[in-house]
Amino acid sequence: MGTPELISPRSPRVTAARRLAKRAFRGKERRFIAEGPQAVREAVAHRGEDGEPTLTELFTTAEAAERYADIVDAARATGARIHHAADAVLADVSQTVTPQGLLGVCRFLDSPFESVLRARPRLVAVLAHVRDPGNAGTVLRCADAAGADAVVLTDASVDLYNPKSVRASAGSLFHLPVVVGIPVEQAVRGLRDEGVRVLAADGAGESDLDDELDADTMDGPTAWIFGNEAWGLPAETRALADAVVRVPIHGKAESLNLATAAAVCLYASARAQRVLRAC
């Protein structure tokens, strides 16, 4: 196909890609890895706020290049460097148990908080103290599915570009603006200044999600704060919110996990907002 096959895991390009498994190198290079056809396809279609393509390099096995020729051709059309690699090379770089033969190197794509605020968001997910990368990616995917306008990961949360986060987002990372690394106090203050009501999701909340929906308080611009998987939100973070809301448990389950609770809350807001617009 006109490009050399990378036959050695010691190739400089392979070594550079492998190093992106570590957060320090991701931060230094402002690059991260997206694996598999779904993530790579979305990366190919994405451009940063500067208009430049997000995908900079694509590693592909011969089999994957044939199976996903449309993705490879689209990547080449953006100017990305295409590297044909042996299966062993992809396995060496990959962070998955069963690599799918496509691995992209992408530029960081987080958005400035100010640009999110200028867009006057109506639904935002704020991840405060979320430490599990799989949960972070799954909540991002839920927010995308619910039609959220942005996701904010505070400075106390996990790295957005952790390979597990990227995989768990299932391509949603490339679909909506994501802000990283700001204090939760700054996030709440900025959103509230733009007329966004801030709700903290917590199992011990004094307000019930059903009651909020029945009272028609959910149809305005809303940001949900989601906390740590094990211990929820600290008191000082709950105190920042306009209300602390619990998801009602109607059965015998002790609680909901983070991603499930986030999906319930985000879809409740999305539903209430759509009903308002339909009126």
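On a predicted model such as this, the values are computed, not experimentally measured, just so you know. (Residues numbered from 1 in each chain as written. Predicted model: local features only at pLDDT ≥ 70, side-chain atom pairs only at ≥ 80, totals over all residues. Heavy atoms only, no water.)

The subject of this paragraph is the packing of aromatic side chains. Taken as a whole, this structure holds 5 aromatic pairs when the rule is applied. Look at Phe32 and Phe174: their rings are 6.2 Å apart centre to centre, the planes differ by 25 degrees, and that puts the pair in the stacked class. Here Phe174 lies in the loop between helix 9 (163-168) and strand 8 (178-182) and Phe32 lies in strand 2 (residues 31-35), a separation of 142 residues in the sequence. Each member of the pair, Phe32 together with Phe174, is buried. Members of the aromatic cluster, each reached through a chain of ring pairs, are Phe32, Phe108, Tyr161 and Phe174. (Phe/Tyr/Trp six-rings, centres within 6.5 Å; stacked < 30°, edge-to-face > 60°. Helix = DSSP H or I, 4+ residues; strand = E, 2+ residues; numbered from the N terminus. Buried < 20%, exposed > 50% of the residue type's maximum accessible area, 1.4 Å probe, protein only.)

The next thing to look at is the sheet that holds strand 7 (residues 150-154). The 7 strands lie next to each other as 8-7-6-11-9-12-10, forming an open sheet whose pairing is parallel. Each end of this open sheet is capped by a strand with a single partner; those strands are strand 8 and strand 10 (207-208). With 4 bridges connecting them, strand 6 (residues 123-127) and strand 7 associate as parallel partners. Within strand 7, the position partnered with Leu127 by the bridge is Leu153. Here helix 8 (residues 133-146) sits on the sheet and contacts strand 6, strand 7, strand 8 and strand 11 (222-226); the angle it forms with strand 6, its principal contact strand, is near 175 degrees. (Pairing = 2+ DSSP bridges. Contact = heavy atoms within 4.5 Å. Axes fitted to C-alpha atoms, helices over the stretch in contact; angles between N-to-C directions.)

On to the layout of surface pockets, then. Looking at the largest pocket, its volume works out to about 450 Å³. Forming the walls of the largest pocket are 22 residues, and the residues nearest its centre are Asp202, Gly203, Ser255, Leu256 and Ala261. Every element with two or more residues in the lining of the largest pocket is listed here: strand 12 (243-246) and helix 13 (258-278). Considering every element that reaches the lining of the largest pocket, the biggest residue donor is helix 13, with 3 residues. (1 Å grid on protein atoms, 1.4 Å probe; cavity = no way out; pocket = protein on both sides within 12 Å on 5 of 7 lines; lining within 4 Å. Points joined across faces, edges and corners; volume = space filled by probe spheres on them.)

So, on to the pairing of strand 4 (residues 81-85). The buried count for strand 4 comes to 4 of 5 residues, which makes it a mostly enclosed element. Bridging between strand 3 (residues 55-60) and strand 4 involves 4 bridges; their strand directions are parallel. Bridging from a neighbouring strand, Leu58 pairs with Ile82 of strand 4.

Here we take up the nonpolar core. Counting residues in hydrophobic clusters, the biggest one holds 57 residues, and the most contacted among them are Phe32, Val151, Trp224 and Phe226. Looking at this core, the element that brings in the most residues is helix 13, giving 8 residues. The contacts of Val151, once residues within four sequence positions are left out, are Ala125, Leu127, Leu140, Ala143, Leu176, Pro177, Val178 and Val179. Val124, Val188, Ala241 and Val244 belong to the second-largest nonpolar core, a separate cluster that totals 22 residues. (Core = buried A, V, L, I, M, F, W, Y, C linked by side-chain atoms within 4.5 Å.)

Right, let's get into helix 3 (residues 36-45). Most of helix 3 sits inside the fold, with 7 of its 10 residues counted as buried. Among all positions of helix 3, only Gly36, Pro37, Ala39, Val40, Glu42, Ala43 and Val44 are buried. At its buried positions, helix 3 is contacted by strand 2, strand 3, helix 5 (69-77) and strand 5 (102-107).

Right, let's talk about the environment of Val198 for a bit. Tracing the sequence through the fold places Val198 in strand 9 (residues 197-201). Judged by relative accessible area, which is 1%, Val198 ranks as buried. Spatially, the C-alpha atom of Val198 lies 15 Å from that of Ala272, the residues being 74 residues apart in sequence. The residues touching Val198, leaving out its near neighbours within four places in the chain, are Val188, Leu191, Arg192, Ala223, Ile225, Ala241, Asp242 and Ala243.

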